[in-house]
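# Examination of the molecular architecture
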Amino acid sequence: MNIKELEEKIKDCNKRYYDGEEPISDLEYDKLIAELRALDPHNALLDTVIDEVNDIKGFEKRKLPITMGTLKKCQNEKQIFEEFKKRGNSNYILEHKIDGNGQLLCCDDGSLEDVISRGNAEDGFVMTDNFKKIPYRSKTDTIVLPNGENFDGHIRGEVYMSNEIFEKKYSKLMKNPRAAAAGIMKRLDGNGCEDLSFIAYDVFNDYFADKTEKEKLLFLKDNGFAIPAFKEVSSPEEMVEWRKEVTALRDKLPYPIDGIVAKSQEVDYEDLMRVTPMKNFAIKFDLDYAISKIIDIEWSFKGSMLSPVAIIEPVELCGTTVSRASLHNVNIMEELGVEIGKLAMIVRRGEVIPHIEKCLN
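A brief structural summary. Small disclaimer: the values here were computed from a predicted structure and weren't measured.

## Observations regarding the overall build of the protein chain
Helices and strands together make up the secondary structure of the protein chain, namely 10 helices and 16 strands. Across the 361 residues that make up the protein chain, the buried fraction comes to 54%. Accessible area of the protein chain: about 16,600 Å², with a carbon and sulfur share of 49%.

## Observations concerning helix α5 (residues 163–170)
Within α5, burial applies to N163, F166, E167 and Y170. Down the axis of α5, the sector holding all buried residues measures 125 degrees, keeping them to one side. Away from its buried face by more than 90 degrees, α5 exposes E164 and K168.

## Some words on the pairing of strand β7 (residues 153–160)
Counting buried positions along β7 gives eight out of eight residues, so the element sits mostly inside the fold. Where strand β4 (residues 101–108) and β7 come together, seven bridges link them in antiparallel fashion. Within β7, the residue paired with G102 across the bridge is E158. Pairing of β7 with strand β8 (residues 197–204), which is carried by seven bridges, proceeds in the antiparallel orientation. If you follow V159 over to β8, its bridge partner there is F198.

## Details of a nonpolar patch on the surface
Where nonpolar side chains cluster on the molecular surface, the patch consists of I291, L343 and L360 and spans about 220 Å² of accessible area. In this fold, I291 is placed in strand β12 (residues 289–302).

## Comments concerning the environment of A229
Here A229 lies in the loop between α7 (213–222) and β9 (230–233). Classification of A229 by relative accessible area gives partly exposed; the value is 30%. Separated by 133 residues in sequence, A229 and H96 place their C-alpha atoms 5.8 Å apart.

## Describing the environment of K244
Here K244 is to be found in helix α8 (residues 236–249). Look at K244 and you get partly exposed, because its relative accessible area is 49%. As for K244 and F285, which are separated by 41 residues in sequence, their C-alpha atoms are 8.5 Å apart.

## What about the packing of helix α3 (residues 77–87) against α8?
Two numbers describe how α3 lies on α8: the axes approach to 9 Å, and their chain directions differ by 140 degrees. One finds that α3 runs oblique with respect to α8. When the axes of α3 and α8 are compared, the crossing they make is right-handed. For the pair α3 and α8, contact is made by E77, I80, F81 and F84 and by P236, E237, M239, V240, R243 and K244, respectively. Looking at the contact of α3 with α8 residue by residue, the classes come out as six nonpolar, no polar and four charged.

Rules used throughout
Residues numbered from 1 in each chain as written. Predicted model: local features only at pLDDT ≥ 70, side-chain atom pairs only at ≥ 80, totals over all residues. Heavy atoms only, no water. Helix = DSSP H or I, 4+ residues; strand = E, 2+ residues; numbered from the N terminus. Buried < 20%, exposed > 50% of the residue type's maximum accessible area, 1.4 Å probe, protein only. Areas by Shrake-Rupley, 256 points an atom, 1.4 Å probe, with all protein chains shown as cover. Arc of directions from axis to C-beta. Pairing = 2+ DSSP bridges. Patch = residues over 30% accessible without salt bridge, like charges linked within 9 Å, V, L, I, M, F, W, Y side chains within 5 Å. Salt bridge = Lys/Arg side-chain N within 4 Å of Asp/Glu carboxyl O. Axes fitted to C-alpha atoms, helices over the stretch in contact; angles between N-to-C directions. Parallel < 35°, antiparallel > 145°, perpendicular 65-115°, else oblique. Left-handed = near helix turned anticlockwise from the far one by under 90°. Contact = heavy atoms within 4.5 Å. Nonpolar A, V, L, I, M, F, W, Y, C, P; charged D, E, K, R; others polar.

Quick look at the structure:
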């Protein structure tokens, strides 16, 4: 593809991703970004490769009070060492990277006033009514800073659907927990928002300007917000080791994750306001897909719905031998063009049961 074609492909994927679809795998998307970066390193789209939508019907569009950017990704150990060396920092905090829908909480005098979706990092959509239906905090009292003052500022986090809820109620209707959460948040009546959860990971308030990222997380926890698991490290070797540990535990976590976030401990709000912060980066997992042949289709009823499962030639995936893959429902199966004898991409990205992403022939 030429530069123009790559730009259009990336923009289309971003829009469809925001709409709750997953047109291509994360690996394929990363390859598109890498190809564009190689052809045109200074392309403006590389700094804004996030969701670009013009409208979500029924929701007010609003300019974000702060930038909600995206992080540069490291895919392997070599890149982790390179990024660590490039940034010149020695103290980092690593966090689980939640695979959900980014939201910004706007607070005044210790109370939640509005919630705005991430949108295109400059403009988002007001999701306040739906968000307030989510059990997003374990406390009901005022949000208070460590110095005793009521909190004025912004809290950034992710709305997500737990793997358990997805398997119980939505696995036959939607492709994965992220798509389910995105679809539910856009319902005008907010139906299903009670099945969602929220995890907070960043705070914007002058009090923290000379503090650490860890202090931000502890503030959130003390005020009743769920926070991601985290670890303090001071070397790239420790980053690599924790990546291995998290990968091994990934399927046992209550929330879906798609990597790890590495943050410099020293808070730098100027850097965080960049579309692509320079001091922080994301660490992706090892490849979470495999290619196998479909050898049979197994049918069963789950409640009143007919549920297809693909029987595949056994293949190693994320340290486990896989011989079955979900097809979700008949409609999705038809869209994928599933047939016995075809090769298929089997994906396991936080879901308990691997699923077929697409057929290859």
